[in-house]
Amino acid sequence: MKMFASERRDNIIQFLQKQKRATVKELASQIGVSEATLRTDLNRMETDGLLTRTHGGAVLNTEEENDTSFSVREKKNKQEKIQIAKKAYEMIEEKQCILLDASSTALELARYIKSKPMRLTVVTSGLQSALELNNNPDITVILIGGMLTKGSSSIEGTLGLSILDYLTIDMMFTSSNGFSIESGLTDFNLYEVQLKKEIVKKAKKVVALIDSSKIEKNSSAVFATLDQIDKLITDKPIDHNLSEKILINDIEIVVSS
């Protein structure tokens, strides 16, 4: 079966996560593609800052802890995230069941929702979002079980996914470390990505909450391809050529400002 570029990228990242470094020959054999195709993938991934090419192979780039910790990410572009959250709230209807991932943007949405007199069921993989929403008696909060991510307040792994078999998720609100036409939504934590991939499949609609600093950026692994995204909410108008490509993929673009 032919593998998409985004799937090859996921496999390359996962292999390098385990082995730390690898040769072109090893990766091509592992993934089942030609060495020429593999070199093209590695060159593109190096351009995106995901890895570094070495003589005959590649090593995975390690992102600095201060760039990926939740406390730091929460403070970045905070006003933009608040505006995106307010726009996202306009899409929510009484008595819906929505899902919030553990992103800092989804946390801003949780903070906005908690003061509203609306009956909702909110499923989340974010511990902070669950605690914020639990203060509102009109909101039923369901926390997806799993392991608590180090240095964060998110749940990782798929241990608690069975709860979703008993729920109908009207909308999933998710953010990411990057959004691009080539890959869709990408993130750096492979364990969170594994969970998000499964959640995306369960939701009737997927709404991406992406501030403009993440547009046309890529991270380590894909969790939602373009055909799985229904709406993209961002804080600034998107470049015309890029917005045309997004619209062709039946993704509605909403600008919060």
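Residues numbered from 1 in each chain as written. Predicted model: local features only at pLDDT ≥ 70, side-chain atom pairs only at ≥ 80, totals over all residues. Heavy atoms only, no water.

Asks: What exactly am I supposed to notice about the overall build of the protein chain here?
Replies: Along the backbone of the protein chain there are 10 helices and 15 strands. In the protein chain, which comprises 257 residues, the proportion classed as buried is 50%. Look at the contacts in the protein chain between residues 6 or more apart in sequence, and 62% of them connect residues 24 or more apart. Counting every atom, the protein chain has about 12,800 Å² of accessible surface; 48% of that belongs to carbon and sulfur. (Helix = DSSP H or I, 4+ residues; strand = E, 2+ residues; numbered from the N terminus. Buried < 20%, exposed > 50% of the residue type's maximum accessible area, 1.4 Å probe, protein only. Contact = heavy atoms within 4.5 Å. Areas by Shrake-Rupley, 256 points an atom, 1.4 Å probe, with all protein chains shown as cover.)

Asks: Looking at this structure, how should I read the pairing of strand S4 (residues 97-100)?
Replies: Sheet faces and side chains relate simply in a regular strand, where the side chains alternate between the two faces. Side chains Cys97 and Leu99 project from S4 onto one buried face, and the interleaved Ile98 and Leu100 project onto a second face that is buried too. With four bridges joining them, S4 and strand S5 (residues 120-124) adopt parallel strand pairing. Its bridge partner being in S5, Leu99 is matched across the sheet by Val123. Viewed along the sheet, the connection from S4 through helix H7 (residues 104-113) into S5 turns out right-handed. With three bridges joining them, S4 and strand S9 (residues 169-174) adopt parallel strand pairing. Note that in S9 the partner of Leu99 across the bridge is Met172. (Pairing = 2+ DSSP bridges. Right-handed = clockwise from strand over helix to strand, strands pointing away.)

Asks: Help me understand the pattern of salt bridges, please; the structure alone is not making it clear to me.
Replies: Oppositely charged side chains may form a pair once their charged atoms are brought near each other. Throughout the structure, instances matching the rule amount to 16 salt bridges. The shortest N-O distance in the salt bridge between Arg111 and Glu132 comes to 3.3 Å. Of the two residues, Arg111 sits in helix H7 while Glu132 sits in helix H8 (residues 127-133), which places them 21 residues apart along the sequence. For Arg111, a relative accessible area of 24% puts it in the partly exposed group. Its salt-bridge partner being Lys201, residue Glu198 comes within 3.3 Å of it at the nearest N-O pair. Within this pair, Glu198 and its partner Lys201 are both found in helix H9 (residues 190-202), separated by three residues, close to a single helical turn. Exposure remark for Glu198: the relative accessible area of 29% places this residue in the partly exposed category. The class for Lys201 is exposed, based on a relative accessible area of 57%. One salt-bridge network, held together by shared partners, links Lys78, Glu108, Arg111, Lys114 and Glu132. (Salt bridge = Lys/Arg side-chain N within 4 Å of Asp/Glu carboxyl O.)

Asks: Help me understand the environment of Thr54, please; the structure alone is not making it clear to me.
Replies: Of note, Thr54 is situated in strand S2 (residues 51-54). Classification of Thr54 by relative accessible area gives partly exposed; the value is 27%. Note: C-alpha distance between Thr54 and Val24 (30 residues apart in sequence) is 9.7 Å. Beyond its immediate stretch of four places on either side in the chain, Thr54 contacts Arg21 and Val59.

Asks: Can you help me understand the nonpolar core in this one?
Replies: If you look at soluble globular proteins, the nonpolar side chains tend to sit buried side by side. Formed by 30 residues in total, the largest nonpolar core has its most connected members in Leu99, Val123, Phe179, Leu185, Ile199, Ile229 and Leu232. For this core, the secondary-structure elements that each account for two or more residues are S4, S9, H9, strand S12 (203-209), strand S13 (221-224) and helix H10 (240-248). Among the elements that take part in this core, H9 stands out by supplying four residues, more than any other. Sequence-distant contacts of Val123, defined by excluding residues within four places in its chain, comprise Cys97, Ile98, Leu99, Leu100, Ile142, Ile144, Leu164, Leu167 and Ile169. (Core = buried A, V, L, I, M, F, W, Y, C linked by side-chain atoms within 4.5 Å.)

Asks: I'm lost on the sheet that holds S13 in this one. Help?
Replies: Strand pairs in the sheet, formed through backbone hydrogen bonds, run parallel or antiparallel to each other. Read across the sheet, three strands follow the order S10-S11-S13 without closing on themselves; strand pairing throughout is antiparallel. Of all strands in the sheet, those bounded by a partner on one side alone are strand S10 (178-180) and S13. The mean angle between the axes of side-by-side strands here comes to 40°, regardless of whether they run parallel or antiparallel. Two strands pair when backbone bridges link them, and S10 and strand S11 (residues 184-187) are joined in this way by three bridges, in the antiparallel orientation. Paired with Gly178 across the bridge in S11 is Thr186. Packing against the sheet, H9 makes contact with S11 and S13, and its axis sits at approximately 25° to S13. (Axes fitted to C-alpha atoms, helices over the stretch in contact; angles between N-to-C directions.)

Asks: Can you walk me through the packing of helix H1 (residues 5-19) against helix H3 (residues 35-47) in this structure?
Replies: Interaxial distance between H1 and H3 falls to 11 Å at its minimum, and their mutual angle equals 80°. With respect to each other, H1 and H3 are oriented roughly perpendicular. When H1 is examined against H3, the residues Arg8, Arg9, Ile12 and Ile13 are found in contact with a partner set consisting of Thr37, Leu38, Asp41, Leu42, Arg44 and Met45. Grouping the amino acids of the contact of H1 with H3 by side-chain chemistry returns five nonpolar, one polar and four charged. (Parallel < 35°, antiparallel > 145°, perpendicular 65-115°, else oblique. Nonpolar A, V, L, I, M, F, W, Y, C, P; charged D, E, K, R; others polar.)

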